[in-house]
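# Summary of the model geometry
If you want the building blocks of each chain, they are given just below.
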Amino acid sequence: MRTGHPENPKRLEALIGAIDEAGMRESLILLEPYAPALASLHAVHDPAYLEAFRTAAARGDRHFAVRDCSISERSYETALLAAGGVMAGIDAVCSDRADNVFCAVRPPGHHAGRASAMGFCFVNNVAAGARYARSAYGVERIYILDWDVHHGNGTQALFEEDPLTFFCSLHEHPSFCYPGTGRRLEKGKGAGAGATLNLPLAPHAGDREMIEAFEREVVPSIEAFRPGLILLSAGFDAHHDDPIAELECTEDAYVHMTRRVLELADRLCEGRVVSVLEGGYRTESLVSSAIAHIRTLQGREVPPCSSARG
Ligand SMILES: [Zn+2]
(Lines give C-alpha, C1' and ligand atoms only; values in the text may rest on other atoms or scores of the structure.)
Protein backbone atom coordinates (compact mmCIF):
# COMPACT_ATOMS: atom_id res chain seq x y z
CA MET A 1 0.00 0.00 0.00
CA ARG A 2 1.27 3.44 -0.83
CA THR A 3 1.71 6.35 1.55
CA GLY A 4 -1.53 8.12 2.36
CA HIS A 5 -3.72 5.03 2.02
CA PRO A 6 -5.61 4.25 5.26
CA GLU A 7 -4.61 0.56 5.07
CA ASN A 8 -0.82 0.85 5.33
CA PRO A 9 2.10 -0.85 7.13
CA LYS A 10 2.11 1.78 9.90
CA ARG A 11 -1.00 0.10 11.35
CA LEU A 12 0.96 -2.99 12.32
CA GLU A 13 4.17 -1.13 13.15
CA ALA A 14 2.21 0.93 15.69
CA LEU A 15 0.54 -2.15 17.18
CA ILE A 16 3.80 -4.07 17.52
CA GLY A 17 5.50 -1.00 19.01
CA ALA A 18 2.70 -0.69 21.57
CA ILE A 19 2.94 -4.39 22.48
CA ASP A 20 6.64 -3.87 23.20
CA GLU A 21 6.03 -0.65 25.09
CA ALA A 22 3.45 -2.36 27.28
CA GLY A 23 5.96 -5.12 28.09
CA MET A 24 3.64 -7.76 26.65
CA ARG A 25 6.06 -9.54 24.36
CA GLU A 26 7.34 -11.97 27.00
CA SER A 27 3.82 -13.09 27.81
CA LEU A 28 3.08 -13.95 24.17
CA ILE A 29 4.09 -16.90 22.01
CA LEU A 30 5.10 -15.29 18.70
CA LEU A 31 4.13 -17.37 15.68
CA GLU A 32 5.82 -16.95 12.30
CA PRO A 33 3.52 -16.68 9.31
CA TYR A 34 4.37 -18.84 6.33
CA ALA A 35 3.60 -18.69 2.64
CA PRO A 36 0.70 -21.13 2.25
CA ALA A 37 0.57 -23.80 -0.43
CA LEU A 38 -1.31 -22.35 -3.39
CA ALA A 39 -3.58 -25.40 -3.36
CA SER A 40 -4.86 -24.39 0.08
CA LEU A 41 -5.72 -20.90 -1.21
CA HIS A 42 -7.48 -22.39 -4.22
CA ALA A 43 -10.04 -23.74 -1.76
CA VAL A 44 -11.07 -20.08 -1.37
CA HIS A 45 -9.92 -18.18 -4.46
CA ASP A 46 -10.05 -18.79 -8.16
CA PRO A 47 -6.53 -19.74 -9.41
CA ALA A 48 -6.79 -17.25 -12.31
CA TYR A 49 -7.71 -14.47 -9.88
CA LEU A 50 -4.66 -15.13 -7.70
CA GLU A 51 -2.44 -15.26 -10.77
CA ALA A 52 -3.85 -11.93 -12.04
CA PHE A 53 -3.10 -10.41 -8.62
CA ARG A 54 0.45 -11.81 -8.65
CA THR A 55 1.05 -10.47 -12.16
CA ALA A 56 -0.35 -7.01 -11.38
CA ALA A 57 1.91 -6.65 -8.34
CA ALA A 58 4.97 -7.99 -10.16
CA ARG A 59 4.63 -5.51 -13.03
CA GLY A 60 4.26 -2.56 -10.68
CA ASP A 61 0.56 -1.75 -11.10
CA ARG A 62 -0.70 0.82 -8.60
CA HIS A 63 -4.13 -0.81 -8.12
CA PHE A 64 -5.65 -4.23 -8.51
CA ALA A 65 -9.27 -4.68 -9.63
CA VAL A 66 -10.62 -1.49 -8.05
CA ARG A 67 -9.24 1.95 -7.16
CA ASP A 68 -9.32 1.45 -3.40
CA CYS A 69 -7.19 -1.71 -3.66
CA SER A 70 -3.78 -0.02 -3.92
CA ILE A 71 -0.86 -2.37 -4.38
CA SER A 72 2.92 -2.35 -4.38
CA GLU A 73 5.30 -4.92 -5.81
CA ARG A 74 5.20 -6.79 -2.48
CA SER A 75 1.42 -6.88 -2.05
CA TYR A 76 0.96 -10.39 -3.40
CA GLU A 77 3.54 -11.96 -1.08
CA THR A 78 2.24 -9.93 1.84
CA ALA A 79 -1.37 -10.97 1.23
CA LEU A 80 -0.34 -14.63 1.03
CA LEU A 81 1.64 -14.30 4.26
CA ALA A 82 -1.43 -12.78 5.96
CA ALA A 83 -3.44 -15.89 5.07
CA GLY A 84 -0.48 -18.05 6.11
CA GLY A 85 -0.39 -16.19 9.43
CA VAL A 86 -3.96 -17.30 10.09
CA MET A 87 -3.00 -20.86 9.13
CA ALA A 88 -0.11 -20.69 11.62
CA GLY A 89 -2.68 -19.62 14.21
CA ILE A 90 -4.90 -22.58 13.29
CA ASP A 91 -1.86 -24.87 13.61
CA ALA A 92 -1.17 -23.50 17.09
CA VAL A 93 -4.68 -23.97 18.50
CA CYS A 94 -5.28 -27.31 16.78
CA SER A 95 -1.98 -28.73 18.06
CA ASP A 96 -2.60 -27.32 21.56
CA ARG A 97 0.43 -25.06 21.38
CA ALA A 98 -1.84 -22.16 22.30
CA ASP A 99 -5.39 -21.84 23.62
CA ASN A 100 -6.12 -18.89 21.41
CA VAL A 101 -4.30 -16.72 18.90
CA PHE A 102 -4.46 -13.15 17.64
CA CYS A 103 -3.23 -12.76 14.06
CA ALA A 104 -1.81 -9.26 13.56
CA VAL A 105 -2.01 -9.47 9.79
CA ARG A 106 -2.64 -7.14 6.89
CA PRO A 107 -3.95 -6.53 4.32
CA PRO A 108 -7.39 -7.39 5.71
CA GLY A 109 -9.48 -10.06 4.00
CA HIS A 110 -13.20 -10.11 4.75
CA HIS A 111 -14.35 -8.22 1.63
CA ALA A 112 -12.38 -10.49 -0.75
CA GLY A 113 -14.51 -12.99 -2.65
CA ARG A 114 -13.65 -16.03 -4.74
CA ALA A 115 -12.48 -13.86 -7.66
CA SER A 116 -12.82 -10.32 -6.37
CA ALA A 117 -10.65 -7.81 -4.53
CA MET A 118 -12.40 -4.90 -2.84
CA GLY A 119 -12.34 -2.72 0.26
CA PHE A 120 -8.53 -3.05 0.74
CA CYS A 121 -8.90 -6.88 0.71
CA PHE A 122 -7.25 -9.34 -1.72
CA VAL A 123 -7.07 -12.73 0.00
CA ASN A 124 -9.79 -13.69 2.45
CA ASN A 125 -7.63 -14.59 5.43
CA VAL A 126 -10.35 -15.83 7.76
CA ALA A 127 -11.96 -17.92 5.01
CA ALA A 128 -8.60 -19.45 4.10
CA GLY A 129 -8.13 -20.26 7.79
CA ALA A 130 -11.56 -21.91 8.01
CA ARG A 131 -10.96 -24.09 4.97
CA TYR A 132 -7.49 -24.98 6.24
CA ALA A 133 -8.80 -25.93 9.71
CA ARG A 134 -11.22 -28.30 8.02
CA SER A 135 -8.80 -29.87 5.54
CA ALA A 136 -5.71 -30.08 7.78
CA TYR A 137 -7.33 -30.83 11.15
CA GLY A 138 -10.79 -32.16 10.33
CA VAL A 139 -12.58 -29.38 12.22
CA GLU A 140 -16.13 -29.87 11.08
CA ARG A 141 -18.15 -26.99 12.50
CA ILE A 142 -16.66 -23.49 12.36
CA TYR A 143 -18.25 -20.28 13.62
CA ILE A 144 -16.96 -17.02 12.13
CA LEU A 145 -17.86 -13.85 14.05
CA ASP A 146 -17.08 -10.63 12.20
CA TRP A 147 -17.32 -7.44 14.29
CA ASP A 148 -15.57 -5.14 11.82
CA VAL A 149 -17.80 -2.09 11.24
CA HIS A 150 -18.19 -3.11 7.59
CA HIS A 151 -20.19 -6.15 6.53
CA GLY A 152 -17.95 -9.13 5.73
CA ASN A 153 -19.49 -9.62 2.31
CA GLY A 154 -16.63 -11.70 0.90
CA THR A 155 -16.72 -14.19 3.77
CA GLN A 156 -20.50 -14.37 3.60
CA ALA A 157 -20.45 -15.11 -0.14
CA LEU A 158 -17.82 -17.84 0.30
CA PHE A 159 -19.82 -19.71 2.96
CA GLU A 160 -23.47 -18.81 2.35
CA GLU A 161 -24.26 -22.30 1.03
CA ASP A 162 -22.19 -24.11 3.67
CA PRO A 163 -24.26 -25.31 6.64
CA LEU A 164 -21.12 -26.23 8.62
CA THR A 165 -19.54 -22.75 8.56
CA PHE A 166 -21.70 -20.25 10.43
CA PHE A 167 -21.07 -16.62 9.47
CA CYS A 168 -22.24 -13.85 11.78
CA SER A 169 -21.55 -10.17 11.15
CA LEU A 170 -22.14 -7.15 13.40
CA HIS A 171 -21.74 -3.98 11.35
CA GLU A 172 -23.07 -0.53 10.57
CA HIS A 173 -26.31 -0.73 8.59
CA PRO A 174 -25.72 -1.18 4.83
CA SER A 175 -27.93 1.79 3.96
CA PHE A 176 -25.26 4.02 5.49
CA CYS A 177 -22.02 2.10 5.21
CA TYR A 178 -19.73 0.29 2.79
CA PRO A 179 -20.12 -2.24 1.14
CA GLY A 180 -23.94 -1.95 1.13
CA THR A 181 -24.74 -5.57 2.02
CA GLY A 182 -25.45 -7.37 5.28
CA ARG A 183 -29.16 -6.91 5.77
CA ARG A 184 -31.01 -9.15 8.19
CA LEU A 185 -32.79 -10.93 5.37
CA GLU A 186 -29.44 -12.29 4.09
CA LYS A 187 -29.54 -15.58 6.01
CA GLY A 188 -27.65 -18.02 3.80
CA LYS A 189 -28.66 -19.99 0.74
CA GLY A 190 -29.51 -23.58 -0.19
CA ALA A 191 -28.05 -26.04 2.30
CA GLY A 192 -26.56 -23.04 4.16
CA ALA A 193 -29.92 -21.35 4.81
CA GLY A 194 -29.95 -20.25 8.44
CA ALA A 195 -26.15 -20.39 8.85
CA THR A 196 -25.67 -16.67 8.09
CA LEU A 197 -26.68 -14.06 10.67
CA ASN A 198 -26.46 -10.34 9.88
CA LEU A 199 -26.89 -7.84 12.69
CA PRO A 200 -26.79 -4.32 11.24
CA LEU A 201 -26.58 -1.44 13.71
CA ALA A 202 -27.88 2.09 13.11
CA PRO A 203 -25.34 4.89 12.66
CA HIS A 204 -24.07 6.22 16.00
CA ALA A 205 -24.91 3.02 17.86
CA GLY A 206 -22.29 2.38 20.53
CA ASP A 207 -21.24 -0.15 23.15
CA ARG A 208 -24.76 -0.60 24.53
CA GLU A 209 -26.34 -1.47 21.19
CA MET A 210 -23.40 -3.62 20.10
CA ILE A 211 -23.38 -5.61 23.35
CA GLU A 212 -27.19 -5.95 23.35
CA ALA A 213 -27.17 -7.41 19.83
CA PHE A 214 -24.26 -9.65 20.78
CA GLU A 215 -25.98 -11.01 23.90
CA ARG A 216 -29.41 -11.30 22.32
CA GLU A 217 -28.41 -12.99 19.07
CA VAL A 218 -24.73 -13.88 18.78
CA VAL A 219 -24.41 -15.80 22.05
CA PRO A 220 -27.47 -18.05 21.46
CA SER A 221 -26.40 -18.70 17.86
CA ILE A 222 -22.93 -19.85 18.99
CA GLU A 223 -24.50 -22.07 21.66
CA ALA A 224 -26.95 -23.57 19.19
CA PHE A 225 -24.32 -24.13 16.47
CA ARG A 226 -21.81 -25.92 18.77
CA PRO A 227 -18.66 -25.04 16.81
CA GLY A 228 -15.37 -26.93 17.00
CA LEU A 229 -13.50 -23.67 16.40
CA ILE A 230 -14.38 -19.97 16.57
CA LEU A 231 -12.74 -17.53 14.18
CA LEU A 232 -13.02 -13.79 14.75
CA SER A 233 -12.82 -11.22 12.00
CA ALA A 234 -11.66 -8.61 14.46
CA GLY A 235 -11.80 -5.21 12.87
CA PHE A 236 -11.61 -2.25 15.25
CA ASP A 237 -13.18 0.37 12.99
CA ALA A 238 -16.49 0.43 14.91
CA HIS A 239 -14.53 2.50 17.46
CA HIS A 240 -15.90 6.03 17.89
CA ASP A 241 -12.52 7.56 17.04
CA ASP A 242 -12.22 5.65 13.76
CA PRO A 243 -12.70 7.97 10.78
CA ILE A 244 -14.09 5.45 8.31
CA ALA A 245 -17.61 4.74 9.67
CA GLU A 246 -20.16 6.05 12.18
CA LEU A 247 -20.40 3.57 15.05
CA GLU A 248 -19.40 4.84 18.48
CA CYS A 249 -17.97 1.81 20.26
CA THR A 250 -15.12 1.83 22.75
CA GLU A 251 -12.59 -0.76 23.88
CA ASP A 252 -15.19 -1.92 26.41
CA ALA A 253 -17.36 -3.52 23.72
CA TYR A 254 -14.39 -5.44 22.34
CA VAL A 255 -13.36 -6.58 25.83
CA HIS A 256 -16.90 -7.72 26.61
CA MET A 257 -17.34 -9.66 23.36
CA THR A 258 -13.88 -11.21 23.64
CA ARG A 259 -14.49 -12.38 27.19
CA ARG A 260 -17.86 -13.89 26.29
CA VAL A 261 -16.47 -15.62 23.18
CA LEU A 262 -13.74 -17.17 25.34
CA GLU A 263 -16.34 -18.42 27.86
CA LEU A 264 -18.35 -19.99 25.05
CA ALA A 265 -15.24 -21.47 23.44
CA ASP A 266 -14.16 -22.97 26.77
CA ARG A 267 -17.52 -24.65 27.06
CA LEU A 268 -17.94 -25.72 23.44
CA CYS A 269 -14.58 -26.16 21.72
CA GLU A 270 -11.72 -26.47 24.20
CA GLY A 271 -11.15 -22.73 24.12
CA ARG A 272 -10.14 -22.72 20.46
CA VAL A 273 -10.35 -19.14 19.18
CA VAL A 274 -8.31 -17.64 16.36
CA SER A 275 -8.79 -13.90 16.03
CA VAL A 276 -7.79 -12.20 12.80
CA LEU A 277 -7.25 -8.47 12.41
CA GLU A 278 -9.45 -6.82 9.78
CA GLY A 279 -9.99 -3.03 9.73
CA GLY A 280 -9.16 -0.19 12.10
CA TYR A 281 -7.80 2.98 10.54
CA ARG A 282 -7.05 5.45 13.30
CA THR A 283 -3.77 4.37 14.78
CA GLU A 284 -4.54 5.24 18.41
CA SER A 285 -7.92 3.50 18.59
CA LEU A 286 -6.72 0.53 16.54
CA VAL A 287 -3.81 0.02 18.94
CA SER A 288 -5.77 0.57 22.19
CA SER A 289 -8.60 -1.70 21.00
CA ALA A 290 -6.30 -4.46 19.77
CA ILE A 291 -4.24 -4.36 22.97
CA ALA A 292 -7.40 -4.59 25.11
CA HIS A 293 -8.55 -7.52 22.92
CA ILE A 294 -5.19 -9.33 23.21
CA ARG A 295 -5.03 -8.82 26.99
CA THR A 296 -8.52 -10.28 27.28
CA LEU A 297 -7.52 -13.24 25.10
CA GLN A 298 -4.68 -13.78 27.58
CA GLY A 299 -7.18 -13.85 30.43
CA ARG A 300 -6.01 -10.53 31.86
CA GLU A 301 -8.25 -7.89 33.35
CA VAL A 302 -8.68 -4.74 31.28
CA PRO A 303 -9.96 -1.67 33.15
CA PRO A 304 -13.16 -0.18 31.71
CA CYS A 305 -12.68 2.95 29.64
CA SER A 306 -16.09 4.18 28.50
CA SER A 307 -17.11 5.60 31.86
CA ALA A 308 -14.14 7.97 31.65
CA ARG A 309 -15.42 9.26 28.33
CA GLY A 310 -18.82 10.18 29.76
ZN1 LIG B 1 -13.82 -2.38 8.15
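These notes cover the structure that comes with them. (Residues numbered from 1 in each chain as written. Predicted model: local features only at pLDDT ≥ 70, side-chain atom pairs only at ≥ 80, totals over all residues. Heavy atoms only, no water.)

### Section: the sheet that holds strand 4 (residues 142-146)
- On the basis of which strands lie adjacent, the open sheet formed by 6 strands has the order 3-8-7-4-5-6 and parallel pairing. Each edge of the open sheet is held by one strand with a lone partner, namely strand 3 (100-103) and strand 6 (196-201). Ignoring which end each strand starts from, the neighbouring axes of this sheet average 10 degrees apart. (Pairing = 2+ DSSP bridges. Helix = DSSP H or I, 4+ residues; strand = E, 2+ residues; numbered from the N terminus. Axes fitted to C-alpha atoms, helices over the stretch in contact; angles between N-to-C directions.)

### Overview of helix 4 (residues 75-94)
- Helix length check: helix 4 (20 residues) gives 29 Å between terminal C-alpha atoms against 28 Å at 1.5 Å per residue, within 8%.
- Across the 20 residues that make up helix 4, a large majority, 17, are buried.
- One or two residues past the end of helix 4 sits D96, with phi positive at roughly 60 degrees. (Expected span 1.5 Å × (residues − 1). Buried < 20%, exposed > 50% of the residue type's maximum accessible area, 1.4 Å probe, protein only.)

### Overview of the packing of helix 7 (residues 207-225) against helix 8 (residues 251-268)
- Interaxial distance between helix 7 and helix 8 falls to 10 Å at its minimum, and their mutual angle equals 10 degrees. Compared by their axis directions, helix 7 and helix 8 come out roughly parallel. Note on element contacts: helix 8 touches helix 7 through D252, A253, H256, M257, R260, V261, L264, R267 and L268, opposite D207, M210, I211, F214, E215, V219, I222 and E223.
- Across the contact of helix 7 with helix 8, the residue classes break down as 10 nonpolar, 1 polar and 6 charged. (Parallel < 35°, antiparallel > 145°, perpendicular 65-115°, else oblique. Contact = heavy atoms within 4.5 Å. Nonpolar A, V, L, I, M, F, W, Y, C, P; charged D, E, K, R; others polar.)

### Comments concerning helix 7
- Taking 1.5 Å per residue as the helical rise, helix 7 with its 19 residues ought to reach 27 Å, and the 25 Å between its terminal C-alpha atoms agrees with that figure.
- The sharpest bend along helix 7 measures roughly 35 degrees and falls at E215.
- Within helix 7, the full set of buried residues consists of D207, M210, A213, F214, E217, V218, V219, S221, I222 and F225. (Bend = angle between axes of the 7 residues up to and from the residue.)

### Regarding the coordination of the zinc ion
- Distances from the zinc ion to its protein donors, D148 (OD), D148 (OD), H150 (ND1) and D237 (OD), fall at 2.0 to 2.7 Å.
- Considering all 4 donor atoms around the zinc ion, the spread of angles at the metal, 53 to 152 degrees, places the coordination shape in the irregular class.
- The sequence motif formed by the donor residues of the zinc ion is D-x1-H-x86-D. The pair D148 / H150 is uniform in exposure class, with both members buried. (Donors = N, O, S within 2.8 Å, 3.2 Å for Na, K, Ca; no water. Tetrahedral: all angles 85-135°; square planar, octahedral: opposite > 155°, others 65-115°.)

### Regarding the pairing of strand 3
- Because side chains alternate across strand 3, one face comprises the buried residues N100 and F102, and the other comprises V101 and C103, equally buried.
- Of the pairings in the sheet, the one linking strand 3 to strand 8 (residues 273-277) comprises 4 bridges and is parallel in character. The residue of strand 8 that forms the bridge with C103 is V276.

### Here's the deal with the environment of A136
- Checked against the element boundaries, A136 lands in helix 5 (residues 125-137).
- Since its relative accessible area comes to 40%, A136 is described here as partly exposed.

### Concerning the environment of F214
- Position of F214 relative to the elements: it lies in helix 7.
- On a C-alpha basis, the gap between F214 and A253 in space is 9.7 Å, while along the polypeptide they are 39 residues apart.
- Setting aside chain neighbours within four positions, we find F214 in contact with L145, L170, V219, H256, M257, R260 and V261.

### Considering the side chain of S169
- Its place among the elements puts S169 in strand 5 (residues 165-172).
- Excluding its chain neighbours within four sequence positions, the residues that come into contact with S169 are D146, H150, H151, G152, L197, N198 and L199.

### Observations concerning the pattern of salt bridges
- Taken as a whole and assessed by the stated rule, the structure comprises 16 salt bridges.
- With a closest N to O distance of 2.8 Å, E7 and R11 form a salt bridge.
- Residues E209 and R208 are paired through a salt bridge, measuring 3.3 Å at the closest nitrogen-oxygen approach.
- E209 gets classed as partly exposed once you look at its relative accessible area, which sits at 28%.
- By relative accessible area, R208 is classed as exposed at 56%.
- Members of the salt-bridge network, linked through shared partners, are E7, R11 and R106. (Salt bridge = Lys/Arg side-chain N within 4 Å of Asp/Glu carboxyl O.)

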